Amino acid sequence: MSLLPEAFIHSPLFGIALTVVMYVLCEVIVDKFELNIVPPFVLACPLIIAFIYWQEPYITYDDYELGAGFINFLLGPATIALALPLYNNRNIIKENLFVILSGIMVATVTGIVSIFVCAKLFGASSQVLLSIIPKSVTTPVAMDISAAIGGIPALTAACVIFTGMFGATVNHKLLEALKIKSNIAIGLAIGASSHGLGTSVCAGKNALQLAIGGASIGLTAIATSLLAPVLLPLLESLF
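In this convention, every chain numbers its residues from 1, walking through the sequence in written order. In view of the model being predicted, local features appear only for residues whose pLDDT reaches at least 70, and side-chain atom pairs are presented and counted only at 80 or more, with totals across whole chains, interfaces and linings using the full set of residues. With hydrogens and water excluded, all non-hydrogen atoms of the structure serve as input to the side-chain values.

Some thoughts on the packing of helix H11 (residues 153-177) against helix H12 (residues 183-200)
Then, in step 1: Lines fitted to the C-alpha atoms define the axes, with helices restricted to the stretch that makes contact. Angles between their N-to-C directions range from 0 to 180 degrees. To qualify as a helix, a DSSP run of H or I must reach at least 4 residues; to qualify as a strand, a run of E must reach at least 2; elements of each kind are numbered from the N terminus. As a packed pair, H11 and H12 sit with axes 7 Å apart at the nearest point and diverge in direction by 145°. Here Val160, Ile161, Thr163, Gly164, Met165, Gly167, Ala168, Asn171, His172 and Leu175 of H11 lie close against H12, whose contacting residues are Ile186, Ile190, Ser193, Ser194, His195, Leu197 and Gly198. Contact definition: two residues touch when any of their heavy atoms are within 4.5 Å.

Section: the packing of aromatic side chains
The description of two aromatic rings rests on the distance between their centres and on the angle between their planes.
Then, in step 1: Note on aromatic contacts: the rings of Phe and Tyr and the six-membered ring of Trp form a pair at centre separations within 6.5 Å, being stacked when their planes are under 30 degrees apart, edge-to-face when over 60 apart, and tilted otherwise. The full count for this structure, using the stated rule, is four aromatic pairs.
Then, in step 2: Relative to Trp54, the ring of Phe51 lies with its centre 6.0 Å away and its plane at 70°, an arrangement referred to as edge-to-face. With Phe51 and Trp54 both in helix H3 (residues 40-55) and three residues apart, the pair spans about one turn of that helix.
Then, in step 3: Just above the ring of Tyr87 sits the side chain of Arg90; from NZ or CZ to the centre is 4.0 Å. Charges are assigned to positions over rings by a cutoff of 6 Å between ring centre and Lys NZ or Arg CZ, combined with an angular limit of 35 degrees from the ring normal.

What about the nonpolar core?
Then, in step 1: By size, the foremost hydrophobic cluster in this structure holds 18 residues, and its most contacted members are Ile112, Leu129, Ile133, Ile149 and Leu232.
Then, in step 2: Residue assignment for this core shows that the elements contributing at least two residues are helix H8 (97-121), helix H9 (126-132), helix H10 (139-149) and helix H13 (207-238).
Then, in step 3: It is H13 that contributes the most residues to this core, six residues altogether.
Then, in step 4: Setting aside residues up to four positions removed in sequence, Ile112 forms contacts with Ile133, Leu227, Ala228, Leu231 and Leu235.
Then, in step 5: Residues grouped as a nonpolar core are buried Ala, Val, Leu, Ile, Met, Phe, Trp, Tyr and Cys residues, joined through side-chain atoms within 4.5 Å. Only protein chains enter the area calculation, which uses a 1.4 Å probe; residues under 20% of their type maximum are buried, those over 50% are exposed, and those in between are partly exposed. By size, the runner-up hydrophobic cluster in this structure holds 12 residues, among which are Met22, Ile48, Phe51 and Tyr64.

Considerations on the environment of Gly15
Then, in step 1: Inspection of the secondary structure puts Gly15 in helix H2 (residues 12-32).
Then, in step 2: Between the C-alpha atom of Gly15 and that of Ile48, which follows or precedes it by 33 residues, the distance is 9.8 Å.
Then, in step 3: Excluding residues that lie within four positions of it along the chain, Gly15 makes contacts with Tyr64, Gly67, Ala68 and Ile71.

Quick notes on the packing of H8 against H13
Between two packed helices, what matters for the description is the angle formed by their axes and the separation of those axes.
Then, in step 1: With their axes 8 Å apart at the nearest point, H8 and H13 run at an angle of 45° to one another. Classified by the interaxial angle, the pair formed by H8 and H13 is oblique. Judged by the twist between their axes, the crossing of H8 over H13 is right-handed. Along the contact surface, H8 presents Ile100, Leu101, Ile104, Met105, Thr108, Val109, Ile112, Val113, Phe116 and Lys120, while H13 presents Ile212, Ser216, Leu219, Thr220, Ala223, Thr224, Leu227, Ala228, Leu231, Leu232, Leu235 and Glu236.
Then, in step 2: Ten residue types, Ala, Val, Leu, Ile, Met, Phe, Trp, Tyr, Cys and Pro, are classed as nonpolar, four, Asp, Glu, Lys and Arg, as charged, and the remainder, Gly among them, as polar. Looking at the contact of H8 with H13 residue by residue, the classes come out as 16 nonpolar, four polar and two charged. Throughout this description, any angle smaller than 35 degrees is read as roughly parallel, any larger than 145 degrees as roughly antiparallel, any in the 65 to 115 degree range as roughly perpendicular, and the remainder as oblique. Left-handed describes a crossing whose near helix is turned anticlockwise from the far helix through less than a right angle; right-handed describes the clockwise counterpart.

Points about unusual backbone geometry
Then, in step 1: With an omega dihedral of 0°, the bond running from Glu56 to Pro57 counts as a cis peptide bond.
Then, in step 2: Position of Pro57 relative to the elements: it lies in the loop between H3 and helix H4 (61-73).

Here we look at H2
Quick reminder: α-helices carry 3.6 residues per turn. Residues three or four places apart thus point the same way.
Then, in step 1: What a helix is expected to span follows from its residue count: subtract one and scale by 1.5 Å. Here H2 contains 21 residues, and its C-alpha end-to-end distance of 31 Å stays within 8% of the 30 Å for a straight helix at 1.5 Å per residue.
Then, in step 2: The set of residues buried in H2 consists of Phe14, Gly15, Leu18, Thr19, Met22, Cys26 and Val30. For H2, the buried positions fall inside an angular range of 125° around the axis, keeping them on one side. In H2, the exposed positions that point more than 90 degrees away from the buried face belong to Leu13, Val21, Asp31 and Lys32. This arc is built from the directions going out from the helix axis to the C-beta atoms.

See the structure below:
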């Protein structure tokens, strides 16, 4: 028997309420146990999955999606909102345009080559390999790239989400350990490696990091969509 009224479960309010409650709960957990390395949404995702699984068959993913779809819709306006820090820091971006563009090229090529080599070493099938190539690109673009090169878009989406969550958790700590202090370098690295989820953490760190990260997300998506179809045949011929 479900702990919640059936009418509530089958309404859009359920998905919204569960997401908000779990996020707030995870913020409390992070503050209470000083888990500053872990963003609250990284903890919230498995908790939501666990709750739905625990309440099956009374609650299904479709019930959750009714309301969660609205939150997902807000990702669009949230992404567009990155234009504000971009505009505010437009002069700095113009001054460092060559550095940013060259950094994106290096990050994209390195990402594609390293994923290809690792997948080959671990014996991944060709379709799995093609599915994980665009893992560092924002989800809608990554799924389109995956479909275009012969991957599995659903698997790509899962890899993109995991990459973003992992990046949001470790990026700043790793860059700190490497003693990288340039906000341009930090924003560029995070945006190119872990797209919107990773870059969202920059909002609480530095406005310039957020601006560069936002630019990096879009430029990495363009670079990957252009370079992946060119590099893959070349890599296949070498391996």
